[in-house]
Every structure is written in C-alpha cells, then in structure tokens.
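Single-letter residue listing:
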Amino acid sequence: MKELRTDAWVQWCPGCGNYGILSALQKALIDINRDFSIVGGIGCSSRIVYYLKGSFNVHTLHGRAIPVASGIKLSKPELLVIVSGGDGDILGIGAGHFLALGRRNLDLKVFIHDNAVYGLTKGQAGPTLPLNVKLKAMPYANVHDAINPILLAFVSGYTFIARAYAYHIRELKEIMKEAMKHRGAAVVDILQPCTTYNDLMTREWFEERIYYMDSIPDRSKLFEKMLEKEKIPLGIFFKEEKETFEERLKKAKLYKQS
Ligand code: SF4
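Residues numbered from 1 in each chain as written. Predicted model: local features only at pLDDT ≥ 70, side-chain atom pairs only at ≥ 80, totals over all residues. Heavy atoms only, no water.

## Some details on the sheet that holds strand β1 (residues 36–40)
Taken in spatial order, the 8 strands line up as β2-β1-β3-β4-β8-β7-β10-β9 in an open sheet, and their pairing is mixed. Each edge of the open sheet carries a strand with a single partner, namely β2 (58–59) and β9 (210–212). Where strand β7 (residues 160–165) lies against strand β10 (residues 232–239), 4 bridges are found, and the strand directions are antiparallel. Bridge pairing in β10 links Arg163 to Gly235. Strand contacts of helix α1 (residues 18–32): β1, β3 (80–86), β4 (109–114) and β8 (186–191), with the helix running at about 175 degrees to β3, the strand carrying the most contacts. (Pairing = 2+ DSSP bridges. Helix = DSSP H or I, 4+ residues; strand = E, 2+ residues; numbered from the N terminus. Contact = heavy atoms within 4.5 Å. Axes fitted to C-alpha atoms, helices over the stretch in contact; angles between N-to-C directions.)

## Quick look at the pairing of β3
For β3, the tally of buried residues reaches 7 of 7 residues, placing the bulk of the element in the interior. Here β3 shows two buried faces, one formed by Leu80, Ile82, Ser84 and Gly86 and the other by Val81, Val83 and Gly85. Pairing of β1 with β3 involves 4 bridges; the strand directions are parallel. The residue bridging Ser37 from the neighbouring strand is Val81, located in β3. Inspection of the sheet shows β3 paired to β4 by 5 bridges, in the parallel sense. Within β4, the position partnered with Gly85 by the bridge is Ile112. (Buried < 20%, exposed > 50% of the residue type's maximum accessible area, 1.4 Å probe, protein only.)

## Some words on the layout of surface pockets
There is about 670 Å³ of room inside the largest pocket. Around the largest pocket, the lining comprises 24 residues; the ones closest to its centre are Thr128, Pro130, Ala146, Met201 and Lys229. When contributions to the lining of the largest pocket are tallied by element, the ones reaching two or more residues are β8, α8 (203–209) and α9 (219–227). Ranked by the residues each element gives to the lining of the largest pocket, the list is headed by α8, at 3 residues. (1 Å grid on protein atoms, 1.4 Å probe; cavity = no way out; pocket = protein on both sides within 12 Å on 5 of 7 lines; lining within 4 Å. Points joined across faces, edges and corners; volume = space filled by probe spheres on them.)

Functional significance is not addressed by these values, which are geometric in nature.
Printed below as a string of structure tokens:
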C-alpha cells in the first residue's frame, strides 16, 4: 500500500465515498500486480490520479478521460488503463465518449464515482439524480430524468457491467479486480455518497436499499434487474467475450504496435 501512496494532500471532504474507492482501487492494483495508468477528467473524483502512484497517470480535460485513455491503451497495450471519474464527467459532458467506448469494446476499465451531483462546482444536479429531487445547494428541483448507467452501458455494447458501493471496500475491490481481468470495455458504476452536497443519498439511504445479487442475472431477468429502483442490486450484471477494438483494428490492418 505504501508504494502506491503519494505525498499529495488529499482534498476530499471528511466521509466522502471517494476514500473508499481509493482504498479499494489500491488493494485491487496490488492484487492484480500490473503496470497501470489512471486517467481522470475533472471533478472531485478525478483527483484520484494524484493519490495513486503510477508511472502514467494523467489528469485531463472535463469529459475527455476516455479518449485520452484510449490513446494510451492503443500506444501501450501492455498497460492496464483505468478511467476514474464522476457521473457528471463521464455521463454528462463525456457521454458521447462513453457510448463510443462501448461500441468499440476497447480494453479500458471505467470506474464511475456516482454521487448524482457536481461536487467540485458546489452541488448542481448530476446526470444520475432523479427527476424532481432537490438537493441542498440547488435553487429548485431537478428538471431532468436520470441516466441509468447500467442500462446505458448495456445498450452501448460494454462487455463487462457491474455496480458496487463505495463503503463496501472488500466487495468493491473484488468487482474492480473482475473488471481488470476482463478483456474489453468494462464499467463499474460505484454508488458514492457526497457528504457535502447530496443530502438525500446518504450512507443510511444507500444502506437501506442496496443488496447483492447471488449471481449474474440470466437474460430473461436482466432488464428487470437493471431497472430495479426501490431496492438497488449490486454485483455483476453482464459479462461476455467479444472481439476487442485492438483486434478489429489489426484485422483491418489499421493498427501497428510500435
Ligand atoms: Fe466528496 Fe462531495 Fe466533498 Fe466532492 S464535494 S470531495 S464528492 S463529499
């Protein structure tokens, strides 16, 4: 763990779910034991790149972590490349890139710190906040429908899709490791309380609703599980082997590794 720590001052609020995600990610990287690159966009969560010692971490532009990570992966295919960012960064401004990654099935891992708010810019509605919900820093209730990241990942073509919870570090670490071992585009939607701005989805709120699925749902139950709202299922929703983007490019003679 010490080898992965940096001297950077961790600028997250006390109790923020980002701490759990950082801790699970450190543990997963130790177990996986590969050279890695973490790429973050803009937001509280994207600062994770400063807190993990990796040779190739990048803090890039708002919503653009996926294209930057794609370039890294194509030029250094031996690296484990992870995109770590908030629901605002990945599913708001970066939504087009999120869809494109699913369609390509490039071997990247996307870890969404999903707290339903833009924390860094003081608590505006994030893409996963439900319609008509008003959080403490919002002048009026949300007028947008929420994005369902699991469903969006499925229709975009992701070949590994899971949901986890930031404060369950052991379970989160195991899900991250499964995503890291998967060959292709993987997404883990990590439910994360924002203790400063999201006064609805608190630790208590999540812990009254979440439960772990016994196994990966079969196709006949998949949509039911993805759309469940009263209770929130955690675990792996979907996993399949499919030709990766690198393989497609090689087949089309468009990819030369240096
Ligand atoms: Fe975490 Fe929210 Fe504070 Fe950002 S504003 S560090 S998401 S608690």
